[in-house]
Amino acid sequence: MALNVIMLGAPGAGKGTQAERFARARRIPKISTGDILREAAQAGTELGKRAKAVMDRGELVSDEIMIGIVKERLDQPDAAAGFVLDGFPRTVAQAQALDSIMQGRSPLVIVDIDVPEVELIRRLGSRLVCSNCASNATTTEEATSLVCAKCGGKLVQRSDDKEATVRERLAVYRAKTMPLVDFYKARSTFRSINGASTPDGVAKELARTIDSVSGNGASR
Ligand code: AMP
C-alpha cells in the first residue's frame with residue numbers, strides 16, 4: 001500500500017527537515033511546494049517571478065496555482081508508491097482539492113508537528129539555507145563556516161526569514177493553515193506530534209507515529 005503522508009505545522013516547525021529524512025528513509029519522493037516555487041524563482045520563469053514577490057511578503061500563492069502544481073506533481077510515476085508532501089495543503093480549499101486528487105489512492109496519513117510560537121520565532125531567526133542546493137544547515141559547524149556540508153555551497157538567510165516577513169507568515173499560518181487541524185482531526189489517520197525536541201527525537205516519533213497509523217509495525 002502506498003504511503004501518502006502530509007505534514008502540517010507552522011513555518012519553522014521542522015516540516016521540511018523531517019519530510020526529507022522520512023522520505024529518504026522510505027525511498028519515496030518528498031514534495032515541497034516551497035522548494036518548487038523557489039526553484040521556479042531561481043530559474044526566472046514567469047510563475048517564479050510572481051511567486052517570489054508573494055513569498056517575500058510572507059503571503060500565500062493562490063490556491064488555483066498551487067493545486068495545479070501539486071496535481072501535476074502527484075501524477076508523476078514516482079509518486080505512485082507514496083510521497084511526503086511538505087507545505088501543502090496550506091488552506092482548506094487546497095485540502096479539499098487534495099481529497100479529490102487522492103480519490104482511488106491510499107488514504108492520507110496526516111501529521112501535525114506542534115511547536116510553541118517562541119521556539120518557531122527563534123528557529124526562523126537563526127535558520128540558514130544553502131544558496132545552491134536549498135538544504136537547511138543542521139550543524140553548528142556549518143552555521144559557523146557558512147558552508148553547506150552537502151554541496152559546499154554558501155549558506156544564507158532565506159529572504160522570507162527576515163523578521164517582518166516571519167511575523168506575517170505566522171499570522172497567515174494562524175488564519176489560513178491552522179484551521180486544517182480542525183479539517184483533518186476527526187480522521188482516524190490524523191496525528192499530532194511534539195516538534196519541540198531535537199531533530200533526531202522528532203524523526204523517531206514521526207516514524208513511529210506514521211508506522212502505527214499505516215499499520216506498519218516495523219519502525220525504522
Ligand atoms: P515554505 O518553504 O513551505 O515555508 O514556503 C515558502 C513560501 O512559499 C510560503 O510562505 C508561501 O508564500 C509559498 N507557498 C508554499 N507552499 C504554498 C502553498 N501550499 N500555498 C500557498 N503558498 C505556498
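Residues numbered from 1 in each chain as written. Predicted model: local features only at pLDDT ≥ 70, side-chain atom pairs only at ≥ 80, totals over all residues. Heavy atoms only, no water.

## Notes on the overall build of the protein
Right, so step 1: Of the regular secondary structure elements, the protein holds 10 helices and seven strands.
Right, so step 2: Principal-axis analysis of the C-alpha atoms gives the protein an extent of 45 × 35 × 35 Å.
Right, so step 3: Buried residues in the protein amount to 44% of all 220 residues.
Right, so step 4: In the protein, the share of contacts with a sequence separation of at least 24, taken over all contacts with a separation of at least 6, comes to 71%.
Right, so step 5: Taking the average place of the 32 positive charges on the side chains of the protein and the average place of its 27 negative ones, the gap between the two points comes to 2 Å. (Helix = DSSP H or I, 4+ residues; strand = E, 2+ residues; numbered from the N terminus. Buried < 20%, exposed > 50% of the residue type's maximum accessible area, 1.4 Å probe, protein only. Contact = heavy atoms within 4.5 Å. Lys, Arg positive; Asp, Glu negative; His and termini not counted. Charge placed at Lys NZ, Arg CZ, Asp CG, Glu CD.)

## Here we look at the environment of Leu8
Right, so step 1: Checked against the element boundaries, Leu8 lands in strand S1 (residues 3-9).
Right, so step 2: Apart from residues no more than four positions distant in its own chain, Leu8 is found in contact with Lys15, Pro89, Ile110, Val111, Asp112, Ile113, Leu180, Tyr184 and Phe190.

## A few points about the sheet that holds strand S7 (residues 190-194)
Right, so step 1: The five strands are arranged S2-S3-S1-S4-S7 in an open sheet whose pairing can be described as parallel. With partners counted over all chains shown, the strands left at the sheet margins are strand S2 (30-32) and S7, one partner each. On average, each strand axis in the sheet is inclined to that of its neighbour by 25°, with strand direction left out of account.
Right, so step 2: Relative to S7, strand S4 (residues 108-114) is paired through five bridges, and the arrangement is parallel. Bridge pairing links Asp112 to Ser192 in S7. (Pairing = 2+ DSSP bridges. Axes fitted to C-alpha atoms, helices over the stretch in contact; angles between N-to-C directions.)

## Looking at the packing of helix H2 (residues 33-43) against helix H3 (residues 46-56)
Think of two packed helices as two axes; the pair is described by the angle between the axes and how far apart they sit.
Right, so step 1: Following both chains from N to C, one finds H2 and H3 inclined at 120°, their axes separated by 7 Å at the closest point. As judged from the angle between their axes, H2 and H3 are oblique. Judged by the twist between their axes, the crossing of H2 over H3 is left-handed. Each of Gly34, Leu37, Arg38, Ala40 and Ala41 in H2 lies in contact with H3, whose residues at this interface are Leu47, Gly48, Ala51, Lys52 and Met55. (Parallel < 35°, antiparallel > 145°, perpendicular 65-115°, else oblique. Left-handed = near helix turned anticlockwise from the far one by under 90°.)

## Here we look at the site of the ligand
Right, so step 1: Lining the immediate surroundings of the ligand are 16 residues, of which Thr33, Arg38, Glu59, Gly87 and Gln94 lie closest.
Right, so step 2: Contacts to the ligand include Arg158, whose side-chain N or O atom sits 3.1 Å from an oxygen atom.
Right, so step 3: Relative to its unbound accessible area of 480 Å², the ligand is 96% covered by the protein chains.
Right, so step 4: Across the shell around the ligand, the residue classes tally to six nonpolar, four polar and six charged. (Near = heavy atom within 4 Å. Polar contact = N/O pair within 3.5 Å; in protein donor to acceptor, adjacent residues only side chain to side chain. Areas by Shrake-Rupley, 256 points an atom, 1.4 Å probe, with all protein chains shown as cover. Nonpolar A, V, L, I, M, F, W, Y, C, P; charged D, E, K, R; others polar.)

## Let's talk about the packing of aromatic side chains
Right, so step 1: Tallied over the entire structure, the rule returns one aromatic pair.
Right, so step 2: Each ring, one from Phe183 and one from Tyr184, has its centre 5.0 Å from the other, and the planes form 85°; the classification is edge-to-face. (Phe/Tyr/Trp six-rings, centres within 6.5 Å; stacked < 30°, edge-to-face > 60°.)

## Observations concerning the environment of Phe190
Right, so step 1: Examined against the element boundaries, Phe190 turns out to sit in strand S7.
Right, so step 2: A sequence separation of 59 residues divides Phe190 from Ser131, and the C-alpha atoms of the two residues are 34 Å apart.
Right, so step 3: Non-local contacts of Phe190, meaning those with residues more than four positions away in its chain, are made with Leu8, Ile110, Asp112, Val181, Tyr184 and Lys185.

## Comments concerning the pattern of salt bridges
Right, so step 1: Following the criterion strictly, the structure yields 24 salt bridges and no others.
Right, so step 2: For Arg122, the salt bridge is made with Glu119, and the minimal N-O distance between the two is 3.0 Å. Within this pair, Arg122 and its partner Glu119 are both found in helix H6 (residues 117-126), separated by three residues, close to a single helical turn.
Right, so step 3: Counted as one network, the salt bridges with shared partners bring together Arg127, Arg158, Asp160, Asp161 and Arg169. (Salt bridge = Lys/Arg side-chain N within 4 Å of Asp/Glu carboxyl O.)

## Some thoughts on unusual backbone geometry
Right, so step 1: The peptide bond linking Phe88 to Pro89 adopts the cis configuration, its omega dihedral lying at 0°.
Right, so step 2: At Ala134, a position not held by glycine, the phi torsion is positive, near 70°.
Right, so step 3: Mapped onto the elements, Ala134 comes out in the loop between strand S5 (129-130) and helix H7 (140-145).

## As for the packing of H6 against helix H8 (residues 163-177)
Right, so step 1: It is the contact of H6 with H8, at a shortest axis distance of 11 Å, that shows an interaxial angle of 140°. Here H6 is positioned oblique relative to H8, judged by the angle of their axes. In the crossing of H6 with H8, the sense of the turn from one axis to the other is right-handed. Counting all contacts with H6, which are made through Glu117, Leu120, Ile121 and Leu124, the residues of H8 involved are Val166, Arg169, Leu170 and Arg174.
Right, so step 2: Of the residues that constitute the contact of H6 with H8, the class distribution is five nonpolar, no polar and three charged.

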